[in-house]
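# Report on the structure
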There are 2 protein chains.
Amino acid sequence: MPKNDVSMSVVRRLPRYLRYLEELEKKGVCKISSKELAESMGLTASQVRQDFNHFGGFGLQGYGYSVSSLKDKIIGILGVNKKTKCILVGAGNLGRALLNIKFDKLGFDLIGVFDVDKEIVGKKVSSFTILDYSDIEEFCLNNNPVLAVITTPSSVVESIATKLAALGIKAFWNFSHFDLSKKFPDLNVENVHLNDSLITLSYLIKESMD
Amino acid sequence: MPKNDVSMSVVRRLPRYLRYLEELEKKGVCKISSKELAESMGLTASQVRQDFNHFGGFGLQGYGYSVSSLKDKIIGILGVNKKTKCILVGAGNLGRALLNIKFDKLGFDLIGVFDVDKEIVGKKVSSFTILDYSDIEEFCLNNNPVLAVITTPSSVVESIATKLAALGIKAFWNFSHFDLSKKFPDLNVENVHLNDSLITLSYLIKESMD
């Protein structure tokens, strides 16, 4: 739970607001009401206003929000204007797919991509040269990354994360089934459980067909 | 929202229960109390009991749950014992990474993997031969897949999804930023917004360092 007592469900809506506002800005829209914003996002106007009130509120009743200033405020709240150093461990298909993400637009500076496979170490993928996992300790001591993206097989995640936590890593973006939040309760962990997402669809399909 | 009025937050916890129960079964544990289950998942015992009560409740007060029968019930509720036909569109790095998922253990039978890139059409990835996207209409008419996994660039998602919906696809597992739920309110859509997940970490890191 974040420090300022904003619930995670509010925090998780902020990236969506940001995306819509960026689209509006591209279209040249300067001002938007909470009603319009709510409709385009499938929320209620009151929910939108409540969400923004958590952060002091951004608009005047009846006047609407300035798209660019609302966008800038959300960027500041989310910290996506920062350049937090991060590394990625595991340059298989999933790891490589993630290299397409624009880390620099999402608050991060991806400074190293590691793998154990000698066949790919030294090769270039996107704009990254794959580094040898056996050099990760020295790399972390020299560069102090804060976030590690973990895209290795689940079986090795615990040992990798333990090593990285000892090297000063403060947050994990975890794609494995290994429960890092339980092992490292003091670190920030965001899990992407793809299997759980697919199972949820299984449920929804089953319910809709019953 | 699923038909039986169970909230999505309950539904989203079920895959986690399932994972824990499978682990317990592997370890030879036969029985577990709601308290133990809650502790291992970072929930309260009352929350666990409430979750299971949504589905009629599975245990006797003070006796605990049978691991295997609880597991089987959750499997039935989630429909992961079904073999719903699905296809995957977009065999780039992300699509290939998803081919490692054991679809058959999660309720699905992956029957076709499609791409537009003539260089990879006909090639084998994992156990799948990449099919030509231009054949997808005939394939769907002959095989009636229910779910489409969409791992193409966002720019083409709308046209692909429109075509697939017209061909009878009932659900999308969407990895793009294009908002398929808004376009197809009657279909089941599960979005995996990787950027939003990374932005959430940006926020959590910023808050923890302030």
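Here we summarise the structure given alongside this text.

Cut-offs used in this document
- Residues numbered from 1 in each chain as written.
- Chains lettered and ligands numbered in written order.
- Predicted model: local features only at pLDDT ≥ 70, side-chain atom pairs only at ≥ 80, totals over all residues.
- Heavy atoms only, no water.
- Core = buried A, V, L, I, M, F, W, Y, C linked by side-chain atoms within 4.5 Å.
- Buried < 20%, exposed > 50% of the residue type's maximum accessible area, 1.4 Å probe, protein only.
- Helix = DSSP H or I, 4+ residues; strand = E, 2+ residues; numbered from the N terminus.
- Contact = heavy atoms within 4.5 Å.
- Pairing = 2+ DSSP bridges.
- Axes fitted to C-alpha atoms, helices over the stretch in contact; angles between N-to-C directions.
- Parallel < 35°, antiparallel > 145°, perpendicular 65-115°, else oblique.
- Left-handed = near helix turned anticlockwise from the far one by under 90°.
- Nonpolar A, V, L, I, M, F, W, Y, C, P; charged D, E, K, R; others polar.
- Buried area = accessible area lost by both parts, 1.4 Å probe.
- Salt bridge = Lys/Arg side-chain N within 4 Å of Asp/Glu carboxyl O.
- Polar contact = N/O pair within 3.5 Å; in protein donor to acceptor, adjacent residues only side chain to side chain.
- Least-squares fit on C-alpha atoms with pLDDT ≥ 70 in both.
- Expected span 1.5 Å × (residues − 1).

### Side note on the nonpolar core
Leu147(A), Trp173(A), Leu147(B) and Trp173(B) are the most contacted members of the largest nonpolar core, which totals 112 residues. A total of 9 residues in this core trace back to one element, the largest contributor, which is helix α1 (residues 8-26) of chain B. Excluding its chain neighbours within four sequence positions, the residues that come into contact with Leu147(B) are Leu198(A), Leu201(A), Ile205(A), Lys85(B), Cys86(B), Ile87(B), Phe108(B), Ile169(B), Ala171(B), Phe172(B) and Trp173(B).

### Concerning the sheet that holds strand β5 (residues 124-125) of chain A
With mixed pairing, 7 strands are arranged side by side in an open sheet as β5-β6-β4-β3-β7-β8-β9 (chain A). Because the sheet does not close on itself, it has two edges, and the strands there are β5 and β9 (188-191) of chain A. Relative to strand β6 (residues 128-132) of chain A, β5(A) runs antiparallel, the two being bridged by 2 bridges. The partner of Lys124(A) across the bridge, within β6(A), is Thr129(A). On top of the sheet, helix α9 (residues 194-209) of chain B reaches β3 (84-89), β4 (108-115), β7 (147-150), β8 (171-174) and β9 of chain A; it is set at about 170 degrees to β9(A), its chief contact.

### A short note on the packing of helix α9 (residues 194-209) of chain A against α1(B)
Direction vectors running N to C along α9(A) and α1(B) enclose 120 degrees, while the axes themselves pass 9 Å from each other. Regarding the angle of α9(A) to α1(B), the classification is oblique. Considering how the two elements wind past one another, α9(A) and α1(B) form a crossing that is right-handed. Contacts between α9(A) and α1(B) involve Asp196(A), Ile199(A), Thr200(A), Tyr203(A) and Leu204(A) from the former and Met8(B), Val11(B), Arg12(B), Pro15(B), Arg16(B), Leu18(B) and Arg19(B) from the latter. When the residues that make up the contact of α9(A) with α1(B) are grouped by side-chain class, the tally is 7 nonpolar, 1 polar and 4 charged.

### Focus: the interface of chain A and chain B
By a widely used convention, the size of an interface equals the accessible area lost when the partners come together. Listed per partner, the contact involves 63 residues of chain A and 63 residues of chain B. Across the chain A/chain B interface, buried area totals approximately 5,400 Å², and carbon plus sulfur atoms make up 65% of it. Area buried by chain A at its contact with chain B is led by Leu198(A), Ile199(A) and Tyr203(A), which between them contribute 13% of it. The tally of links between chain A and chain B comes to 2 salt bridges. The salt bridge partner of Asp196(A) is Arg19(B), with a shortest N-O separation of 2.3 Å. Inspection of the chain A/chain B interface yields 18 residue pairs in polar contact (both at pLDDT 80 or more).

### As for the relation of the copies chain A and chain B
For the pair chain A and chain B, the relating rotation is 180 degrees, the translation along its axis is 0.0 Å, and the fit reaches an RMSD of 0.0 Å. The superposition operator between the copies reduces to a two-fold rotation axis. Closest to the rotation axis within chain A is the C-alpha of Asn93(A), separated from it by 2.5 Å. Of the interface residues in chain A, 100% have counterparts in chain B that sit at the interface too, so the contact is made through matching surfaces.

### Some words on α1(B)
Taking 1.5 Å per residue, 19 residues should reach 27 Å; α1(B) reaches 28 Å between its end C-alpha atoms and fits that length. Burial in α1(B) covers these residues: Met8(B), Val10(B), Val11(B), Arg13(B), Leu14(B), Pro15(B), Tyr17(B), Leu18(B), Arg19(B), Tyr20(B), Leu21(B) and Leu24(B). As for α1(B), its buried residues are in contact with α8 (180-183) and α9 of chain A together with β1 (31-32), α2 (34-41), α3 (45-53) and α4 (67-78) of chain B. Once α1(B) finishes, Gly28(B) follows within two positions and takes phi at roughly 85 degrees, a positive value.

### Quick look at the environment of Gly76(A)
Looking at where Gly76(A) falls in the secondary structure, it is placed in helix α4 (residues 67-78). In this structure Gly76(A) comes out as partly exposed when scored by relative accessible area, which is 28%. With near-sequence residues (within four places) excluded, Gly76(A) lies in contact with Asn81(A) and Lys206(B).

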